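Commentary on secondary and tertiary structure
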Amino acid sequence: MNRKASFSLALTTVLLGGTILAGCSTQQPEATAGQPAGEAVGQEAPKSSAKPVKLDIISTGNGLPAPDQDQIKQELDKALGIESNLTVYASGDDYKNQLNVRMASGNFPDLFALDRAQLKQYAEQGLLLDLSAYKDKLRPTLDFIGEDSIKKGSLNNKFYAIAKAPNIPYNTFWIRKDWLDKVGLQPPKTIEELLEAAKAFTEKDPDGNGKKDTFGITGGKLAAFSPIFGAFGVGGPGNFYEKDGKVVNSFYDPAFKDALAFIKQVVDSGAVDPELLSINSTPQYQQKGIKGQAGIMWIDWPNVTKDEFVAQIKAVNADAEWIQLPALKGPGGQFEGAYDIGAASGMYAIPKGLEKNPEKLTKVIELLNYVSTKDTGSALVQFGIKGKHYNEENGKIVPTELMAKEMNYSWLYQFTGRPEMEYLFVKFAQQAPYIEFANNQPRIKTLNGFVDNPTGYNSADATRFIDEELAKFVYGKRPLSEYDAFIKTLETSMNYKVYLDEGMKQLAELGFGKK
């Protein structure tokens, strides 16, 4: 786990539920073959050399075709005068091991993916190129990813990595509208109405089979209650966020204990999936909803609305109707949980040693700028080749059948990310209303992604302790009167006070809490 003391491993997984789309691609509004890098942003075309410059790039992923079948590689190579060699590893652990070996041996890739913990490690070892002096040359890239992403790739006032352009939130509460009709209720607007619906789904036989075999809420551990925390104005367990102009940590927000008390009330009602705490992945609770066992899920829109899942839902019950719920009202406002604006879906760094090879370094910068430029490389790594994988009609991207068949790997080349809404509206036109609905829900903007773990703080141990103790509180195994004792143990035995103080310091240095 990376540097955060977060809600839980499961919450992180759900919050990032949008990554189910990682294997999808987007396309470019202009054909890229032979087009000079930077042309669309008023730059000089890169000087073509007699011999292509070889670039070695490594990352994680799957589905990369052989070089002679890799149309994106071929287009990039022609446009930039390079011979790119992208290697991807399906396993994150395998990738980390491979990268560690290469960095330790001095066999550096020219461009490579890394997470924040690796950024910190390699930067402290002097292995990463400080990109601060190259900001002018990287201007198209930096304009594309935005200021917050620049912060994500920075450490100790130095700029070490290109963090991908921000994603958007995918999760909302989903509820069975046909079950609501059966029990005579309207879609909930408050947390109290949510509890009423959950109890009715458990007690009033909403599927009409004469058996007591349904329940209200399912989800991945306590992440299932994210909108309830939001309704109390709390950014989820262990999260940093701004409140009343100051940075706070949720554990020290008085409303946090109130949120726990209400969640305990929901659990005590018997309306919660009895296996909630043992669920470790989205498919486990998604299938409970699909099979008609549960009527409420906090889940990402792809896992409900993609064609394959719609078919599964209808195969069980042709009348089943899942709808999204707006953020619920509560004592602390109306927020659809939290969204970490400091988290990056990926980032890429350049080894310091490349500064001794200006020809390669120039080509890496040109590549990053190219895939960040709308009318050239960004469109290519999203959608493919214009006229083949997509067409443009009245300024809009229109996919051809070949996009789905041939461009399901293009995301591997999205080194700087993609304009998420534009991409999704092209790739998932039928789901556009659900995408827009989820994105438009108010959320508490959390900041944990900007915080690095200090020396002496073990986030994995702390998170495990937090998960265990919060579960005890909401399941009645430990009285809430012992909340302060929980915080004291967390601060001392788990070194959370060190993490808290360092987090506040780091966030202040980034300008948060100064309103």
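Please read these numbers as outputs of a predicted model, since none were measured by experiment.

Conventions adopted
Residues numbered from 1 in each chain as written. Predicted model: local features only at pLDDT ≥ 70, side-chain atom pairs only at ≥ 80, totals over all residues. Heavy atoms only, no water. Pairing = 2+ DSSP bridges. Helix = DSSP H or I, 4+ residues; strand = E, 2+ residues; numbered from the N terminus. Axes fitted to C-alpha atoms, helices over the stretch in contact; angles between N-to-C directions. Contact = heavy atoms within 4.5 Å. Buried < 20%, exposed > 50% of the residue type's maximum accessible area, 1.4 Å probe, protein only. pLDDT = per-residue confidence, 0-100. Core = buried A, V, L, I, M, F, W, Y, C linked by side-chain atoms within 4.5 Å. Phe/Tyr/Trp six-rings, centres within 6.5 Å; stacked < 30°, edge-to-face > 60°. Lys NZ or Arg CZ within 6 Å of the ring centre and 35° of its normal. Parallel < 35°, antiparallel > 145°, perpendicular 65-115°, else oblique. Left-handed = near helix turned anticlockwise from the far one by under 90°. Nonpolar A, V, L, I, M, F, W, Y, C, P; charged D, E, K, R; others polar. Arc of directions from axis to C-beta.

Notes on the sheet that holds strand E3 (residues 111–114)
- Reading across from one edge, E2-E1-E3-E14-E6 is the order of the five strands in this open sheet, with mixed pairing throughout. Every other strand in the sheet has two partners, leaving strand E2 (82–89) and strand E6 (161–163) as the edge strands with one partner each. On average, each strand axis in the sheet is inclined to that of its neighbour by 20°, with strand direction left out of account.
- Sheet topology note: the strand E1 (residues 53–60)/E3 ladder contains two bridges and is parallel. What sits directly across from Ile 57, in E3, is Leu 111.
- Contacts from helix H14 (residues 358–370) reach E1, E2, E3 and E6, with the element oriented near 55° to E1.

Some thoughts on the sheet that holds strand E12 (residues 322–325)
- As summarised here, the arrangement of the four strands in space is E8-E11-E7-E12, forming an open sheet in which the pairing is mixed. Every other strand in the sheet has two partners, leaving strand E8 (215–218) and E12 as the edge strands with one partner each. Averaged over neighbouring strand pairs, the angle between their axes works out to 25° when direction is ignored.
- Both strand E7 (residues 171–176) and strand E11 (residues 294–300) contribute to a ladder of five bridges, which runs antiparallel. Residue Ile 175 lies in a different strand from E11, and its bridge partner there is Ile 296.
- In the packing of helix H11 (residues 282–290) onto the sheet, contacts are made with E7, E8, E11 and E12, and the angle to E11 comes to roughly 145°.

Things to note about unusual backbone geometry
- Located in the positive-phi region is Asn 394, a residue other than glycine, with phi close to 55°.
- Judged by relative accessible area, which is 82%, Asn 394 ranks as exposed.
- Even without being a glycine, Asn 495 presents a positive backbone phi close to 60°.
- Looking at where Asn 495 falls in the secondary structure, it is placed in the loop between helix H20 (483–492) and helix H21 (496–509).

Quick notes on the confidence of the model for the protein chain
- A residue-level look at the protein chain finds 90% of positions with pLDDT of 70 or above and a mean pLDDT of 91.
- Confidence drops under pLDDT 50 across residues 1–48; counting only partners more than four residues distant or on other chains, this segment forms 172 contacts.

Some remarks on the nonpolar core
- Ranked by size, the top nonpolar core spans 82 residues in total, and within it Leu 111, Phe 112, Leu 114, Leu 128, Ile 350, Leu 367 and Phe 415 carry the most contacts.
- Setting aside residues no more than four positions away along its own chain, Leu 367 makes contact with Leu 55, Ile 57, Leu 76, Leu 80, Leu 111 and Phe 415.

Thoughts on the packing of aromatic side chains
- Tallied over the full model, the rule gives 25 aromatic pairs.
- Between Tyr 170 and Trp 301, the aromatic rings sit 5.4 Å apart at their centres with planes inclined by 45°, giving tilted as the arrangement. Remark: Trp 301 occurs in the loop between E11 and helix H12 (302–305) and Tyr 170 occurs in the loop between E6 and E7; sequence separation between them is 131 residues. Like Trp 301, Tyr 170 is buried.
- Between the aromatic rings of Trp 174 and Tyr 434, the centroid separation amounts to 5.7 Å while the plane-to-plane angle is 50°, which identifies the pairing as tilted. Within this pair, whereas Trp 174 is found in strand E7, its partner Tyr 434 is found in helix H18 (residues 432–440), the two being separated by 260 residues in sequence.
- For Tyr 434, a relative accessible area of 32% puts it in the partly exposed group.
- In this structure an aromatic cluster arises from ring pairing among Phe 229, Phe 240, Phe 251, Phe 256, Tyr 457, Phe 465, Phe 473, Tyr 483, Phe 486, Tyr 496 and Tyr 499.
- When the ring centre of Tyr 423 is taken as origin, the NZ or CZ atom of Arg 418, which lies over that ring, is 3.8 Å away.

Quick look at the packing of helix H2 (residues 71–80) against H14
- At a minimum axis separation of 11 Å, H2 and H14 run at an interaxial angle of 120°. Here H14 runs oblique to H2, going by the angle between their axes. Handedness of the crossing formed by H2 with H14: right-handed. Side by side, H2 and H14 meet where Leu 76, Ala 79 and Leu 80 of the first sit next to Lys 363, Glu 366, Leu 367 and Tyr 370 of the second.
- Counted by class, the contact of H2 with H14 contains five nonpolar, no polar and two charged residues.

Topic: H20
- Here H20 has its buried residues at Tyr 483, Phe 486, Ile 487 and Leu 490. With its buried residues spanning 95° around the axis, H20 presents them on a single face. In H20, the exposed positions that point more than 90 degrees away from the buried face belong to Asp 484 and Lys 488.
- Against the buried residues of H20 lie helix H10 (254–268), helix H19 (459–474) and H21.

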